[in-house]
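# Summary of the model geometry
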Amino acid sequence: MPADNTSASSARSESAWVRWTLIGGALLFLALFLLLPLVVVFAEALRRGVDAYWTALTEPDAVAAIQLTLTVAAIAVPANLLFGVAASWCIAKFDFRGKNLLITLIDLPFSVSPVVSGLIYVLLFGMNGLFGPYLRSHGIQIIFAVPGLVLATIFVTFPFVARELIPLMEEQGSDEEEAALVLGASGWQTFWRVTIPNIKWGLLYGVLLCNARAMGEFGAVSVVSGHIRGETNTMPLHVEILYNEYNFVAAFAVASLLAMLALVTLVVKSALEWRFGDELAATRH
Amino acid sequence: MTVINAPATALRQPFFKKPSILPGFGLTLGFTLSYLGVLVLLPLAALVVKAGGLGWVGFWTAVTSPRVLAAFQVSFGLSFVAALVNAVFGFLVAWVLVRYDFPGRRLVDALVDLPFALPTAVAGIALSALYAPNGWVGKPLNDLFGLKVAFTPIGIAVALTFIGLPFVVRTVQPILQDLPPEEEEAAASLGASRLQTFFSVIMPALLPALVTGFALSFARGVGEYGSVIFIAGNMPGLTEILPLLIVIKLEQYDYVGSAAVGTAMLLVSFLMLLVLNLLQQWMRSRHAR
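Residues numbered from 1 in each chain as written. Chains lettered and ligands numbered in written order. Predicted model: local features only at pLDDT ≥ 70, side-chain atom pairs only at ≥ 80, totals over all residues. Heavy atoms only, no water.

### Structural notes on the confidence of the model for chain B
Low-confidence regions, as indicated by low pLDDT, have predicted coordinates that should not be scrutinised in detail. What counts here: Every residue gets a pLDDT, meaning the predictor's confidence in that residue, from 0 to 100. Contact definition: two residues touch when any of their heavy atoms are within 4.5 Å.
Taken as a whole, chain B shows an average pLDDT of 90; of its residues, 94% reach a score of 70 or greater. For the stretch residues 1-11 of chain B, pLDDT sits under 50, and the model shows one contact to residues farther than four places along the chain or on other chains.

### So, the environment of Gly 37 of chain B
All names here are of chain B. How we decide: Per the convention used, a helix needs a DSSP run of H or I reaching at least four residues, while a strand needs a run of E reaching at least two, with both numbered from the N terminus.
For Gly 37, the position within the fold is in helix 2 (residues 25-52). With 140 residues separating them along the chain, Gly 37 and Gln 177 place their C-alpha atoms 39 Å apart. Excluding residues that lie within four positions of it along the chain, Gly 37 makes contacts with Leu 42 and Pro 43.

### Considerations on the interface of chain B and chain A
The figure often quoted for interface size is the accessible area lost as the parts come together. Test applied: The term buried area refers to how much accessible surface (probe radius 1.4 Å) is lost by two components on association, counted for both of them together. By convention in these notes, a salt bridge is any Lys or Arg side-chain nitrogen within 4 Å of a carboxyl oxygen on Asp or Glu.
Taken together, the contact pairs 89 residues of chain B with 90 residues of chain A. Area buried by chain B at its contact with chain A is led by Leu 22, Tyr 35 and Tyr 100 of chain B, which between them contribute 8% of it. Our count for the contact surface shared by chain B and chain A stands at two salt bridges. The residue Glu 14 of chain A makes a salt bridge to Arg 194 of chain B at a minimum N-O spacing of 2.5 Å.

### A short note on the packing of aromatic side chains
All names here are of chain A. Heads up, the condition is: Geometry of aromatic contacts follows a simple scheme: Phe, Tyr and Trp rings, the Trp one being its six-membered ring, pair when their centres are within 6.5 Å, and the pair is stacked under 30 degrees between planes, edge-to-face over 60, tilted otherwise. Exposure classes here rest on a 1.4 Å probe applied to the protein chains alone. A residue is buried below 20% of its type maximum, exposed above 50%, and partly exposed in between.
Tallying each qualifying case throughout the model produces 33 aromatic pairs over all chains. Ring geometry for Phe 83 against Phe 158: centres 4.4 Å apart, planes inclined by 40°, an arrangement best described as tilted. One end of the pair, Phe 83, is in helix 4 (residues 60-93); the other, Phe 158, is in the loop between helix 8 (146-156) and helix 9 (160-172), and 75 residues separate them in sequence. Looking at Phe 83, the relative accessible area reads 0%, which means it is buried.

### Quick notes on unusual backbone geometry
All names here are of chain A. Phi at His 227 is positive, roughly 50°, even though this residue is not glycine. Mapped onto the elements of the fold, His 227 is located in the loop between helix 12 (219-225) and helix 13 (235-244). Judged by its relative accessible area of 29%, His 227 falls in the partly exposed class. Phi angles above zero are rare outside glycine, and Tyr 246 is one such case at about 60°. By secondary structure assignment, the location of Tyr 246 is in the loop between helix 13 and helix 14 (248-276).

### Some remarks on the packing of helix 2 (residues 16-45) of chain A against helix 9 (residues 153-177) of chain B
Rules: Helix axes are fitted only over the stretch in contact, all axes being lines through C-alpha atoms; the angle between N-to-C directions runs from 0 to 180 degrees. Every angle not falling under 35 degrees, over 145, or within 65 to 115 is termed oblique; those three ranges are roughly parallel, roughly antiparallel and roughly perpendicular. Polarity classes work like this: nonpolar for Ala, Val, Leu, Ile, Met, Phe, Trp, Tyr, Cys and Pro, charged for Asp, Glu, Lys and Arg, and polar for all others, with Gly in that last group.
Packing of helix 2 of chain A against helix 9 of chain B brings their axes to within 11 Å, and their N-to-C directions diverge by 95°. The orientation of helix 2 of chain A relative to helix 9 of chain B falls into the category roughly perpendicular. Counting all contacts with helix 2 of chain A, which are made through Phe 29, Leu 30, Phe 33, Leu 34 and Pro 37 of chain A, the residues of helix 9 of chain B involved are Val 158, Thr 161, Phe 162 and Leu 165 of chain B. Split into classes, the residues belonging to the contact of helix 2 of chain A with helix 9 of chain B amount to eight nonpolar, one polar and no charged.

### What about the confidence of the model for chain A?
Per-chain confidence: chain A averages 91 in pLDDT, with 95% of residues scoring 70 or above. Within the model, the stretch residues 1-8 of chain A combines pLDDT values under 50 with one contact to residues more than four positions away or in other chains.

### A word on helix 10 (residues 175-182) of chain A
Residues and elements named next belong to chain A. Basically, it comes down to this: The directions considered for the arc run from the helix axis to the C-beta atoms.
Of all the positions in helix 10, only Glu 177, Ala 180 and Leu 181 are classed as buried. In an axial view of helix 10, the angular spread of the buried residues amounts to 100°, which keeps them on one side of the axis. In helix 10, the exposed residues that point more than 90 degrees away from the buried face are Asp 175 and Val 182. Contacts from the buried residues of helix 10 go to helix 4 and helix 11 (187-216).

If you want it as structure tokens, here you go:
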């Protein structure tokens, strides 16, 4: 068969110079569009030295922004994790009418502009919103406060966990769960000891992507935040304010933290794909 | 026992569901529907209700004012340009990643997802620093060609290209990977040149995926906000995108106006979703053959 192999590979490949021109073109494009923006963030952040960088990250408003971002993600991500598991359990393990419609609706937030995702909560809970008068008379503030930030973040990160788990659980079927139940396990035992071990890497994958978006979201939270310094500014919003004040070093310093988050996300994501690729839905087709 | 119980269990199932011995259907479906209803469907309905307060004529007047129309043109036109650029270069990147081996291929493969992972505001300030008249890329472009990128429509296209690139690569890549080698070999053995094989064997098989990637990139571009506003310059009628117009109207307390534009954008998203579903069906039918 060696003769066949060489003819097959030459039929499917280009001459060396075409190959290297294409590789060169692709790499040049990626360097220009992906790598340079990443590099410039760190270069600008460190332009005035490490001290200025450190000062920018430790001033009270920056610390407050970091804390707020962590708080919002700490509420939004578990909420969507719980939802994702529940939704994929009922969609993947059962057959019922209207299933496809339900899947489409779960994916819906991905096709809505981030700004519209914020706008809808302003129209619902803002001063002139549908529930505005009721909320005001009860002294509850949602818009321009933390609850609004959490709601907007939940909306934009809504499908991440579900859309990773649904195809994975559908592919795994429910034979193992049925076996456990027939052998006398309770529903919860089956879930914790059979289902969760089967989906754990997919779960982590979904949570990882969900968290990256939750901490980095800008458009949606920008609309509901009100931009009160030290109070309702998440990290991306703090970056915007500093940038618009021409405080570039500080803006890029805070941005560099978010860029590091993105890099860590990419590394863990790739590691999961390489190591557990066959236990993830995203890498199978 | 089980045999006797089976029909009884089947009878207790809701009418719209096939029987199963697994528990938790009611609980999980109930939770899913309430969570979805309260957090997604109700707020989206509020948007449409608010815009509906204008009536048909009012709504039409609001979304066809010159400033809104200009923003539509900017958002759609430049998203289209960016999606075209991505279709070409995203295809190239997917091709190189699947077909060739070179040092650092895995690293490059991982880097392609950067626009998904990098917060849009960070991408926005990074791109505007790069392409500003004194930036690393902006300065040479300005000095050599007199080309201004930041604060012009070209800048918006650059940001939308950045944001949309992974969509094309990640849609084309798996299809290219699964392309059966036999067809190409057959074409070659029947005397087709490599270029002929590419255009009459490979391209037709990849076209649905490429169009889907284009549409995803386009749809993302129309709604994009964070990465664009820093580099755009935001001049009404020239570099003002639709999402920014919503924010401006909201800041002017024009809730109904922003709801109208938001509803128009939502309708467009629904339309895109429909088109994408049809494209995916097309892709699947092609892929199955």
